[in-house]
Every structure is written in structure tokens, then in C-alpha cells.
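Survey of secondary and tertiary structure
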Amino acid sequence: MSSATTEGHAVHIDAFVRQERLPSYTRRDYLSSDWQNALWQARIREVSCGPAVRPAADRCDPYTRRLEDTARGSPSSVVPSPLAPAAPSEICSRWRDKIVEWKYQIVDRFDLDRGLVAVSSFYLDRYLSMHYVDEELFQLAAMTSIYLAIKVHSTKKISIEAIASTGNGYITDAHIQAMELDLLQGLDWNLHPPTAVGFIENIFPILAAELGSSSSGPDGTGAGLCPSLGGDTSGVLEFAKFLSELSVCAYPFVNARPSSVAIAALGYGFDYFALPPECKSTLQQILIRHDLDMKTDEVKECKKLLRRIYKLAMPNDCRGSWESMGSY
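Below is a short write-up of the structure. These figures come from a predicted structure and were not determined experimentally. (Residues numbered from 1 in each chain as written. Predicted model: local features only at pLDDT ≥ 70, side-chain atom pairs only at ≥ 80, totals over all residues. Heavy atoms only, no water.)

1. A short note on the packing of aromatic side chains
We apply this condition: Within 6.5 Å between ring centres, the rings of Phe, Tyr and Trp (the latter by its six-membered ring) count as paired, and their orientation is classed by plane angle as stacked under 30 degrees, edge-to-face over 60, tilted in between. Only protein chains enter the accessibility calculation, which uses a 1.4 Å probe; a residue whose area is less than 20% of its type maximum is buried, one above 50% is exposed, and one in between is partly exposed.
Throughout the structure, instances matching the rule amount to 13 aromatic pairs. Measuring from centroid to centroid gives 6.3 Å for F122 and Y123, while their planes differ by 65°, and the two rings are edge-to-face. Across this residue pair, the class does not change: F122 and Y123 are buried.

Shown next as C-alpha cells:
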């Protein structure tokens, strides 16, 4: 792999690191009871008194601002909802888990990049952290988020009619078009979130090059053999990407930085394929150059969570058991 190629990956990593530290690209624990109650109360105030007006000095935090001004740009006219909700909706992590699984089915059905699901899930998470929703509105936001991700990030386009057809007749093209504008406004047009798979696909080629891979791989990813280390790194890349997909499905990863999930996935891959310690030390050197660290508490916690969800997804794979894995 040429130095220009690895430099390009390094530039992307630096850009991702800057992005994930911006408030506009962070996510909150919006399914907590406190957060959902706050959204519910904001909805009640909207119905009773209209949108609250707060002093300009208190409106610097976009999350806080949108939390109390949730009525502004509200899609209540898109899908009918109760005028005065009697209690917070029962939105929960199971709803999100199911909708993410549905999104993977959609991208597979249309032969699209599975990384689109991570992008669309960021859109959905940000939206849900700012709006009170019921089940119908949740479904609409989910469908619109995958449509928007495809529209912005995929070279292969899917019609709005095709997306609407997956809604069993409850969601129309007009609904999605209205929600798309609401999503864009809610996201402040920040449509290029860093993702764990994005970090993996840019870190791995640099790692493979520095480990002395004999091949850059057919797709330029750097996946190939490391004869000097006696290991095969090709499986690590796909394994880490698979773990990143699992993390998108699991709500506990919403609060984690994408870089932490990516680093944990790569570290777990090294353990899974029993690569020598030199791999981790080389990875750590690369991370330090980009102001990252594989030894943070968040990375360690992400690795524990990845082990758990991998065992749930692949219960018969004893190779990936907790006891057989190393640690940082």
C-alpha cells in the first residue's frame, strides 16, 4: 500500500476524531426515564401553552434547547398523535433493537452498504433525543432515517416509494417527505457522523501496512498475511466489522464514542484470532498519533459489551467465549 494511501486514511481518522468530539455528533441516553419524562413534559407544555421561550443566554446547548423547544418543527401534523399524551410513551430499547434489525434487512434486500445502518441509526437516535414520539411516529422516523442515509451516502439510490412500501400501508410518501425535512432541521444538517465501521476501515489499512502485510487486499483495505508475525489479519477486519454491526443494534453503545467501539472491536479481533502482542502494540502506537488510546475505561467497557453481545449472537462459538479472551 502506498504512503499516499495510508496518509489518506490518517486524514480521515483525524477528521472522525474531531467530529465525534463535537456536541452535534454526540448522543445521549435518551431512553432513560428522566429524559423521556422531560420530553413528555415538553410535549404537554407545547399542547397547553405553545413552545416555551427561553432566554438567549440559556440556549447555547443544542440538546437542551431542542429538548424544551421540541414543538418547533414537530412532525405532529405528519402522523396523527394524541393532543395531550396522558403519560410518556413506552419507547424502549426493544423498539430500537427491532428497527435496527429491520434496517439491516432493508440494506441487504437492496444490496446496499451495511454501514448505512450505522449512519441512519445516528440520525434516529438524535431525533428521538429531541422529540416525544409514539409508536407510529417512531416507525416513521426510522423509515425516514434509512431513506435519508441512502440518499446522502449511497451511490445506489432507492426511491421513496420503495421505502414507503415497507411500512405496510401505514406510512406514505408524503409522510416520509415531511419527516425528512424535520430530521434535517433536527440534525442541523450534520449528516456525516463518524461511525465505528468508518474508524475500522481507516485504521486497519494503516495497521496492516505497519505490520508488514504481504498484500494490500483486493479492496485496498490492507487485509492480508503478516508472515513476520505468524498471523493472518484478513479475518480480523471482517470480524471487527461484524462486531461494529452488532454494536449498532445494542442501545448501550449509544453513549460510546465510535472510536472506542472500533478500537474495542479490533482488540477483540486480535484476541479471537490469537494474533501476537506486537499487533496490539502497533495499534496503540497508531492510535496515539491520532489522540486515541486503547486503554481507556470506555474502550475496556465497550470490549466487555462486545463480548457479551457476540456470545448472544453466536452462542455456539466457544472460541469467542469470555474466558478465552485476553485483556488490554
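That covers the picture; the talk isn't over yet.
2. Considerations on the nonpolar core
As a rule of thumb, nonpolar side chains are buried together in soluble globular proteins. Quick note on the threshold: In these notes, a set of buried Ala, Val, Leu, Ile, Met, Phe, Trp, Tyr and Cys residues joined through side-chain atoms within 4.5 Å is what counts as a nonpolar core. The secondary structure listing takes helices from DSSP runs of H or I that are at least 4 residues long and strands from runs of E that are at least 2 residues long, numbered from the N terminus. By definition, residues are in contact when any of their heavy atoms lie within 4.5 Å.
One finds Y123, L128, I163 and I176 to be the most contacted residues of the largest nonpolar core, which totals 53 residues. When residues of this core are traced back to their parent elements, those giving at least two are α2 (33-49), α4 (93-109), α5 (115-128), α6 (135-153), α7 (160-164), α8 (173-186) and α10 (234-249). Here this core takes 11 residues from α6, the largest share from any one element. In this structure I176 touches L140, M143, T144, Y147, I160, I163, A164 and I171, once residues within four positions along its chain are discounted. Membership of the second largest hydrophobic core comes to 44 residues, among which are A10, V261, M294 and L306.

3. Remarks on the pattern of salt bridges
Quick note on the threshold: The term salt bridge refers to a side-chain nitrogen of Lys or Arg lying within 4 Å of a carboxyl oxygen of Asp or Glu.
Here the structure, examined in full by the defined rule, presents 11 salt bridges. The salt bridge partner of D125 is R27, with a shortest N-O separation of 2.7 Å. Highlighted residues: D125 in helix α5 and R27 in the loop between α1 (3-20) and α2, separated in sequence by 98 residues. Classification of R27 by relative accessible area gives partly exposed; the value is 21%. Note that K241 and E201 form a salt bridge whose closest N and O atoms lie 3.3 Å from each other. Residue K241 is found in helix α10, and its partner E201 is found in helix α9 (residues 196-211); the two are separated by 40 residues along the sequence. Connected via shared salt-bridge partners are D271, K280, K303 and R307.

4. Description of α1
Given 3.6 residues per helical turn, the α-helix brings residues three or four places apart onto the same face. The condition is simple: Expected span, for any helix, means 1.5 Å times one less than how many residues it has.
Taking 1.5 Å as the rise per residue, α1 with 18 residues should run 26 Å; its terminal C-alpha atoms sit 26 Å apart, in good agreement. Of the surrounding secondary structure, the elements contacted by the buried residues of α1 are α9 and α11 (258-272).

5. Description of helix α12 (residues 277-289)
A rise of 1.5 Å per residue sets the reference length of α12, with its 13 residues, at 18 Å; its end C-alpha atoms lie 19 Å apart and thus fit the reference within 8%. Looking only at α12, the buried set comprises C279, K280, T282, L283, Q284, I286 and L287. Close packing links the buried residues of α12 with α9, α11 and α13 (297-313). With its phi angle positive at about 60°, D291 sits one or two positions after the end of α12.

6. Things to note about a positive patch on the surface
Cut-off, in case you're wondering: Here, patches come from residues exposed beyond 30% relative accessible area and free of salt bridges, joined within 9 Å for like charges and within 5 Å for nonpolar side chains (Val, Leu, Ile, Met, Phe, Trp, Tyr). Only the protein chains shown count as covering a residue, and every accessible area follows the Shrake-Rupley method with a 1.4 Å probe. When charges are counted, Lys and Arg are positive and Asp and Glu negative, with His and the chain ends excluded. Where a charge lies is defined by one atom per residue type, namely NZ (Lys), CZ (Arg), CG (Asp) and CD (Glu).
On the surface, K295, K300, K304 and R308 cluster together into a patch of positive charge. Along the chain, K295 falls in the loop between α12 and α13.

7. Examining the environment of W40
On the secondary structure map, W40 appears in helix α2. Separated by 92 residues in sequence, W40 and Y132 have C-alpha atoms that sit 6.0 Å apart.

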